[in-house]
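# A structural walkthrough
Below, each chain spelled out in residue letters.
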Amino acid sequence: MPCLHSKAPETMEPDVATPPGAASPATAWAERSFSGESVTEPPMVRGMGWFFSPLWSPPSKTRGGRFGDGLESDQVGAWLDDHSDFTREYFLRRTSVLSGAQSPLPRFPRSSSDHSDMLRAAHHRRSSSPLTDTHLNISSLMDRLKPFASNPDWVYPVSPDVLSGHSPCSPPSSRFSFSPLPHSPHPLCPTAANAAACGHGECCPWATELLRGGLGWVGSVAELCQGAVLHAGELLTAECCSLSLVKKDCGGRNTLEEVVAPTAPGGLSEVNLCGNAHLVLVKGIMGCVLATGSPVNLSDASEDSRFDFDDDESPQITTVLSVPIKNHSGEVVGVVVLMNKRNSCDGSVSGFTNMDEKVLSNHMDVLGMVLDNVQLYESSRQEAKRSQALIEMAQVLSKEHRSFEVLLSKMAATIMPFTHAQYCTIFIPSERSSVVEDQVSFSRVIHLECEELGSTCQIYRRQRDFRDVDPSHAVRTLVSTEILNISEISEESMKSVICCPVRNERSENVIAVCQLTNERSRDSDEVEAFNRYDERLLEDLAVYCGLALQYVQAEQITEERRASIEVTQEVLAYHITAAEQEIQALQEAAIPTVESLKLRDFHFSDFGLPDDLTSQATVRMFLDLNLVQDFNINYKSLCQWVLTVRRGYRNNVPYHNWNHALSTAQSMFAMLMATDQLQTIFSRLEVLALMIATLSHDLDHRGVSNSYIERSQQPLAQLYGHSSLENHHYNLCLFILNNTGSTILSGLSAEDHRAVLHMIKRAILATDLTVYMERRKEFFSLAKKSRVSWKSEKQRDLLRSMLMTASDLSAITKPWPEQKRIANLVTMEFFAQGDKEKREFKIKPIDIMNRENSTRLPSMQVEYIDDICYPLYKAVSRLFDACSPLLSGCKKNRQNWMDFAQTAKTEDCENSCCVTLETHTTTEEETQAEE
């Protein structure tokens, strides 16, 4: 590209010899011209160096040459065939030149087949005078490159090439190198070949190579910058050159980072040209160029007052040329500096000329534009590799592992090939470790070592003693909680270390430290410093290590809680299980008959029955339903199960206790035995499920409602979310059924066992009045039909649910004395909950739980019957005539509560109390009156 060399035949001796083997037709012509030979027709250019040269003008004699002079005809033909667009555009342009047409500004071809812009650029050059501005006018080139140059975030120059086995998605990268000048007494003096190639019409090797190969040929940012600097240094015969690129620091400020260290253009090794003071001078010059965005050309650096110079040291830097590197937006993205221009004749130091400044500026302009694309390209390659590493670490994290050491080791081994680190160590501090540097201690250290074997690598996990691993850098990182990236250079070796803290995402505490040591060079075994790309990979590893540690900690907590639950269940099973003597007594007792216990009577009352008789009554119901015989239930297991269920109810709860469970089970038993119709509809398994569910439907009831449990945020609400009590009742029922010695379902097949448990759960959850209110409309619609087949499981499930509610509310159908006694028990329980709500939540309870409404109990009972109970028993009686005693009892108790309310109203009036009890007249009352 703009390989502009100064008009300096005076700086070159005519008799400079070309190294053997380096001659070409172009260089041969250049040699003859330098030696004074008369050359009438120089060869036609093969590249595009002439296109940028300010020394070329329309009167040049090169027009007289024939296209292809000095080239082989087959080469010309092959080139024209490969570049048909160029050939066509060339003749079109020549036509426009002859007609005096104007062409746009030159553009940089984006690909090897895009030559039209190059031709228009050539025409522009031929019709213009030599450049006078420091920078080329290449705005159109910038426009062409804008879609490819998005100015990404800073990417460090070294692009880690991951071993092929670990980065299948990464695009391939190839590199090109620049050969040093041949050895001579003055190695920086240009040869005739180089002079002709860059300054007198021949192609620029650096630009041609860059254009021909595209981004895939460029390699990394460091290689691109190194190639440009070395080429410019050779071209301008600088003794030393260096390049730094701009990056953002943590505060968002622009800083310079050295990419190409002070290097002699003739070789790739660093030179000892600069002492510490001179290095400070160079940094100062670069900082000035970065701040101003303008070139700095010093003929005598020691005399410039803008820069500090140590007089004690002999000045080794005399002349300095530094120019900014700008991207397509005109932003400074780097600074290049050339030091000590050497005279081609005697090797003495001379000053850089204005033309040298133009040459360097134009090179750096192209570098700045290409740099954007290369950075984007390199960034995409690195992101592809990083994405691959993230996917692999996520896959490792998603799998189960025996221990967290294995988990962390596998994740660390994932990124080691990407970073080319020799060692990876994860330090886990002890729980009691202090944040003071002298008091930090680590409980565990996971150490991995990577050995590269050609295109693959082998990673070993070493069992190292804590004392064999240097924890100093990890301690510093743990205390500072920030990334540490350092390189330690000694006389014998170099050590690079990067440490990253691993944080707990919730608490932000540092729970571990990840450390990478000794990044190996991609091209050799030499140790390099870790770059920003390595930092990002290590940060990713730190995030995944944090997740892994939290996952492992959660697993440990889960295992501990699981063990704690098992211990709690053992304790519960011990205390809930009846004593052996009690079980044996029930097993040996003579069970009374159904008639003597009046279990078939819908008016059955357990009031006054002793506990042992209630247990015998339960066993009798199972015996008369033939459940023991049909399901091969062990009689002792049945006795233990009944006694254990009885012990599962709390004695301090006024109403929802064992007596209520027995009453509910007896109501279900009475409905099942009252008519063969229900036992015909239900299978034997369904009958078993209904009897177990009725006895277990209120296990461990606390005397409060679901709303209170949710409002008080008790663990039950957090555990189940909805129907908290009913879900708890079922789970405790399941626990008792699985308790040793109480397994009354052990005789069932696996399929029947699953089916009966499902029906038990559905039946217990149906006792939640919210569920009843949601499903009763469908049941009432079925009850109005003349005939229902009950063959579908959905209809039978609905029927089971309604019968569960009918049994649960059967206290409202009992004789008046029993109904009044139970109502008082329910009122005690509800008022106790209302008192808690007042005390704990500072709210007014609902009417039925507000003790202040105790005088309204009769009217509230009437409302309860009208809204909840009466419609249900009416529908059940319509479907099954044998269950009509439930409806009759409900009606009688409604009337009793009405009379009770009227009596209370009369007494209140006599006592001059203006309390008016609302009388509810419903359609059902009118129907009763008509009947």
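Residues numbered from 1 in each chain as written. Predicted model: local features only at pLDDT ≥ 70, side-chain atom pairs only at ≥ 80, totals over all residues. Heavy atoms only, no water.

What follows covers the overall build of the chain. What the chain contains, in helices and strands, is 33 helices and 13 strands. For the chain, the residues scored as buried account for 50% of the 931 residues in total. Counted over contacts in the chain with a minimum sequence separation of 6, partners at least 24 positions apart contribute 69%. As displayed, the chain offers around 44,500 Å² of accessible surface, 50% of which is attributable to carbon and sulfur atoms. (Helix = DSSP H or I, 4+ residues; strand = E, 2+ residues; numbered from the N terminus. Buried < 20%, exposed > 50% of the residue type's maximum accessible area, 1.4 Å probe, protein only. Contact = heavy atoms within 4.5 Å. Areas by Shrake-Rupley, 256 points an atom, 1.4 Å probe, with all protein chains shown as cover.)

Here the focus is the environment of Cys204. Its location among the elements puts Cys204 in the loop between helix H7 (192–199) and helix H8 (205–213). Separated by 27 residues in sequence, Cys204 and His231 place their C-alpha atoms 9.7 Å apart.

Let's shift gears to the pattern of salt bridges. Summed over the entire model, instances satisfying the criterion amount to 29 salt bridges. With its nearest N and O atoms 2.6 Å apart, the salt bridge here joins Arg386 to Asp540. Placement of Arg386 in helix H12 (residues 354–398) and of Asp540 in helix H15 (residues 532–576) is noted, with a sequence separation of 154 residues between them. The residues Arg386 and Asp540 share a single accessibility class, namely buried. When the shortest N-O distance is used, the salt bridge between Arg775 and Asp797 registers 3.1 Å. (Salt bridge = Lys/Arg side-chain N within 4 Å of Asp/Glu carboxyl O.)

Taken as a class, soluble globular proteins show a tendency for nonpolar side chains to be buried jointly. Counting 98 residues, the largest nonpolar core has Phe622, Trp641, Met691, Ile692, Ile760 and Phe779 as the members making the most contacts within it. Once you skip the residues sitting within four places of it in the chain, Met691 turns out to touch Met621, Phe622, Leu625, Leu627, Ala665, Met668, Phe669 and Leu672. Grouped together as the second largest cluster of nonpolar side chains are 36 residues, Ala222, Val333, Met364 and Leu371 included. (Core = buried A, V, L, I, M, F, W, Y, C linked by side-chain atoms within 4.5 Å.)

Once that is clear, we can look at the pairing of strand E5 (residues 332–342). Both faces of the sheet carry side chains from a regular strand, because those side chains alternate between them. Summarising burial for E5: 10 of the 11 residues are buried, a large majority. The pairing of strand E1 (residues 238–248) with E5 spans seven bridges and is classified as antiparallel. Bridge pairing in E5 places Cys241 opposite Leu338. Sheet analysis places strand E4 (residues 320–326) next to E5, joined by seven bridges and oriented antiparallel. Its bridge partner lying in E5, Leu321 is registered against Leu338. Bridge analysis of E5 against strand E6 (residues 349–350) gives two bridges, and the strand direction is antiparallel. Of the residues in E6, the one forming a bridge with Lys341 is Ser350. Connecting the antiparallel pair E5 and E6 is a turn made up of six residues, with Gly347 showing a positive phi of about 80°. (Pairing = 2+ DSSP bridges.)

In this section: the packing of helix H10 (residues 221–235) against H12. Two elements in contact, H10 and H12, have axes separated by 9 Å at closest approach and are oriented at 170°. Classed by the angle they form, the pair H10 and H12 counts as roughly antiparallel. Only Val359, Leu360, His363, Met364, Leu367, Val370, Leu371, Val374, Gln375 and Glu378 of H12 make contact with H10, whose side of the interface consists of Val221, Leu224, Cys225, Ala228, His231, Ala232 and Leu235. Here the contact of H10 with H12 is built from residues that sort into 13 nonpolar, three polar and one charged. (Axes fitted to C-alpha atoms, helices over the stretch in contact; angles between N-to-C directions. Parallel < 35°, antiparallel > 145°, perpendicular 65-115°, else oblique. Nonpolar A, V, L, I, M, F, W, Y, C, P; charged D, E, K, R; others polar.)

Under the criterion given, the structure shown has zero disulfides. Of all cysteine sulfurs, the one in Cys240 lies closest to Cys241, which takes part in no disulfide; the gap is 6.1 Å. (Disulfide = S-S within 2.5 Å.)

Further remarks concern the confidence of the model for the chain. On average, the chain scores 76 in pLDDT, and the residues at 70 or more come to 69%. Across residues 95–197 the pLDDT falls below 50, and counting only partners more than four positions away or on other chains, this stretch makes 236 contacts in the model. Low pLDDT (under 50) marks residues 267–271, which in the prediction has 13 contacts with non-local residues, meaning those over four places away or in another chain. (pLDDT = per-residue confidence, 0-100.)

In this section: the environment of Asn362. You can see Asn362 is positioned in helix H12. A relative accessible area of 1% places Asn362 in the buried class. Residues Asn362 and Ile325 lie 37 residues apart in sequence; the distance between their C-alpha atoms is 9.6 Å.

Another point: the environment of Arg532. Residue position: Arg532 is located in helix H15. You can call Arg532 partly exposed: its relative accessible area is 28%. For the pair Arg532 and Asn485, spaced 47 residues apart in sequence, the C-alpha separation works out to 9.3 Å.

This paragraph deals with the pairing of strand E11 (residues 494–503). Of all 10 residues making up E11, seven are buried, and the element is well covered by its neighbours. Count of turn residues in the E11/strand E12 (residues 510–520) antiparallel hairpin: six residues, of which Glu508 carries a positive phi of about 65°.

Before going further, it helps to examine unusual backbone geometry. Even without a glycine there, the phi angle at His420 is positive, about 60°. Assignment of secondary structure puts His420 in the loop between helix H13 (404–419) and strand E7 (421–429). Look at His420 and you get buried, because its relative accessible area is 4%.

Counting across every chain of the model gives eight aromatic pairs. Look at Tyr708 and Phe841: their rings are 5.6 Å apart centre to centre, the planes differ by 50°, and that puts the pair in the tilted class. In this pair, Tyr708 sits in helix H24 (residues 706–711) while Phe841 sits in helix H30 (residues 816–841), placing the two residues 133 residues apart along the sequence. A relative accessible area of 5% places Tyr708 in the buried class. Among the residues examined, Phe841 registers a relative accessible area of 22% and is labelled partly exposed. A centroid spacing of 5.9 Å and a plane angle of 65° characterise the contact between Trp897 and Phe900, whose relative ring orientation is edge-to-face. Of this pair, Trp897 and Phe900 are both found in helix H32 (residues 884–910), three residues apart, which corresponds to roughly one turn of the helix. Taking relative accessible area as the criterion, Phe900 reaches 34% and is therefore assigned partly exposed. In this structure an aromatic cluster arises from ring pairing among Trp816, Trp897 and Phe900. (Phe/Tyr/Trp six-rings, centres within 6.5 Å; stacked < 30°, edge-to-face > 60°.)

Note that Thr577 resides in the loop between H15 and helix H16 (580–588). A polar side-chain atom of Thr577 sits 2.4 Å from the main-chain carbonyl oxygen of Ala573. A polar contact of 2.8 Å, which involves the side chain of Thr577, links it to the side chain of Asn739. If sequence neighbours within four positions are ignored, Thr577 has contacts with Gln640, Thr644, Arg647 and Asn739. (Polar contact = N/O pair within 3.5 Å; in protein donor to acceptor, adjacent residues only side chain to side chain.)

For helix H29 (residues 793–808), with 16 residues, the first-to-last C-alpha span of 22 Å sits near the 22 Å given by 1.5 Å per residue. Most of H29 is tucked away: 13 of the 16 residues are buried. (Expected span 1.5 Å × (residues − 1).)

Another point: the packing of helix H23 (residues 684–696) against H29. Where H23 contacts H29, the two axes come as close as 11 Å, and the packing angle between them is 30°. If you check the angle between H23 and H29, you find them roughly parallel. As H23 packs across H29, the resulting crossing turns out to be right-handed. Within the contact between the two elements, H23 uses Glu686, Leu690, Ala693 and Thr694 and H29 uses Glu793, Arg796, Arg800 and Met804. (Left-handed = near helix turned anticlockwise from the far one by under 90°.)

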